[in-house]
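Residue strings, one per chain:
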Amino acid sequence: MSKPARDHGGGLDAAIERYGGTRADWVDLSTGINPVPYPIGDIGTEAWTALPDRAAQTRLEQAARKVWSVPDSWAVLAAPGASALIARLPSLWPKGRVDISAPTYNEHAAAFAAHGWDIDPENSNARVLVHPNNPTGHLYSAKDLTAPITIIDESFCDVAPAQSLLPECREPGRIVLKSFGKFWGLAGLRLGFAIGHPDTLAPLSDLLGPWPVSGPALGIGARALEDHSWATKTRARLAEDATRLDAVVAWPLIGGTSLFRTYEVPDAAAMQEKLAQNHVWSRIFPYSKTWLRLGLPAPHQWDQLEAAL
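A brief structural summary. (Residues numbered from 1 in each chain as written. Predicted model: local features only at pLDDT ≥ 70, side-chain atom pairs only at ≥ 80, totals over all residues. Heavy atoms only, no water.)

Some points on the pairing of strand β8 (residues 192-196)
Note on strand geometry: in a regular strand, side chains alternate between the two faces of the sheet. Applied cut-off: Residue burial is assigned from relative accessible area. The probe radius is 1.4 Å, only protein chains are included, and a residue is buried under 20% of its type maximum, exposed over 50%, and partly exposed in between. Elements are defined by DSSP. Helices are runs of H or I of four residues or more, strands are runs of E of two residues or more, and each kind is numbered from the N terminus. At least two DSSP bridges between two strands are required for those strands to pair.
For β8, the tally of buried residues reaches five of five residues, placing the bulk of the element in the interior. Where burial is concerned, the two faces of β8 agree: the one with Gly192, Ala194 and Gly196 and the one with Phe193 and Ile195 are both buried. Note: strand β2 (residues 75-79) against β8, five bridges, orientation antiparallel. Residue pairing in the sheet places Val76 in a bridge with Ile195 of β8. Taken together, the five bridges between strand β7 (residues 174-179) and β8 define a ladder with antiparallel strand orientation. Bridged to Leu177 within β8 is Ala194.

Following this line, the structure appears as structure tokens:
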């Protein structure tokens, strides 16, 4: 079986090599990362020099429980990015058939295929739901949790926390993934979470080892998750900016979230080329000739985007 294509946003170095300029010249809209990140603040020297201690891990876990309303009886597992969890999850169960509705984030199919699973919606014993979906923004519901093994990737759900399916995941075999880098805008920190039944997550914890999250990530992550006021203000700003982006581009909207928008254009490759010539980097997809996805510009980048259009 051929491996699934693993296209991603980013890749700005290649764009610079082809179209010129420096990183400072470019507006990178190819990812769905918040362009106004949580302020890092001061990081103590000990966070860099000492092995992460139990107190720092506990603080991060408790902050995660509070922000996502996770019951004390459930497990919360922090990891070096949601991608690290996605790569390991298929190894938790004997290989079988997994239903991954396309189009969606391709790392799930790649991970299951790497572990010998068949990507097949028929007679599947596992299902992956990216909620909201990337790149369409489609939202699932409790009635979609039909497989005994269900992974719900909520990497973009922090813009709409009321839509979370986490309350439906009390049973063993259901796992919710959370990405810190998207909403809080610190993707380079590499921090993600798996939430679910303790019996389901125990083998995953063993795979990650004793110190899966760095000291700086533990401290910054806890501080950010505890700042509920920042989160509330950020959701409002992102919603306003997403509406503004729709008005600026004036293309038909396929879907998305307030962190990214997917549009219908006559020729996605040609539009990406046009924008790139003006140092604006966008996202196109191998399965569509007409879909183009844009993240949100930072506050000082709107003029450059409008000029490119």
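A look at the layout of surface pockets
Put simply, the rule reads: Computed over the protein atoms alone on a 1 Å grid, cavities are sets of points where a 1.4 Å probe fits but cannot get out and pockets are open sets with protein on both sides within 12 Å along at least five of seven lines; a residue lines them when it has an atom within 4 Å of a point. Grid points are joined across faces, edges and corners, and a volume is the space filled by probe spheres set on the points. Residue classes follow a fixed rule: Ala, Val, Leu, Ile, Met, Phe, Trp, Tyr, Cys and Pro count as nonpolar, while Asp, Glu, Lys and Arg count as charged, and any other residue, Gly among them, counts as polar.
One number sums up the size of the largest pocket: a volume of about 830 Å³. Along the walls of the largest pocket sit 39 residues, with Asp7, His8, Tyr105, Asn106 and Asn134 positioned nearest its centre. Among the secondary structure elements, those contributing two or more residues to the lining of the largest pocket are α4 (82-88), α6 (180-183) and β12 (283-285). Here the lining of the largest pocket gets three residues from one element, more than from any other, and that element is α4. The class makeup of the residues in the lining of the largest pocket is 20 nonpolar, 13 polar and six charged. Taken as a whole, the second largest pocket encloses approximately 300 Å³ of empty space.

Points about the pattern of salt bridges
This is how the line gets drawn: Any Lys or Arg side-chain nitrogen found within 4 Å of a carboxyl oxygen on Asp or Glu counts as a salt bridge.
In this structure the tally under the stated criterion is eleven salt bridges. The closest approach of N and O atoms between Glu226 and Arg59, which form a salt bridge, is 2.8 Å. With Glu226 in helix α8 (residues 215-226) and Arg59 in helix α3 (residues 54-67), the pair connects residues that are 167 residues apart, well separated along the chain. Classification of Glu226 as partly exposed rests on a relative accessible area of 38%. The shortest N-O distance in the salt bridge between Asp99 and Arg127 comes to 3.5 Å. Of this pair, Asp99 sits in strand β3 (residues 97-100) while Arg127 sits in strand β5 (residues 126-130); the two residues are 28 residues apart in sequence, bridging distant segments of the chain. When sorted by exposure, Asp99 lands in the same class as Arg127, which is buried.

Re helix α7 (residues 198-208)
Under the convention used in this document: Taken from the helix axis, the directions to the C-beta atoms give the arc we talk about. In what follows, a contact means two residues having at least one pair of non-hydrogen atoms within 4.5 Å.
By the burial criterion, the buried members of α7 are Thr200, Leu201, Leu204 and Leu208. Seen from one end, α7 has its buried residues packed into an arc of 70°, which puts them on one side. Residues of α7 that are exposed and point over 90 degrees away from its buried face: Asp199 and Asp206. Buried-residue contacts for α7 involve β2, α4, β7 and β8. Immediately downstream of α7, the backbone of Gly209 shows phi near 90°, a positive value.

Remarks on the sheet that holds strand β6 (residues 149-153)
To keep it simple, the criterion reads: Between N-to-C directions, angles cover 0 to 180 degrees, with each direction set by a line fitted to C-alpha atoms, over the stretch in contact for helices.
If you walk across this open sheet you meet the seven strands as β2-β8-β7-β6-β5-β3-β4, and the pairing is mixed. If you trace the sheet from one side to the other, it starts and ends with β2 and β4 (118-119), each paired once. Bridge analysis of β6 against β7 gives four bridges, and the strand direction is parallel. Across the sheet, residue Asp153 finds its bridge partner in β7, namely Leu177. Contacts from α7 reach β2, β7 and β8 within the one sheet, and its direction differs from that of β2 by about 25°.

Fair warning: the whole summary comes from geometry, so function is off the table for now.
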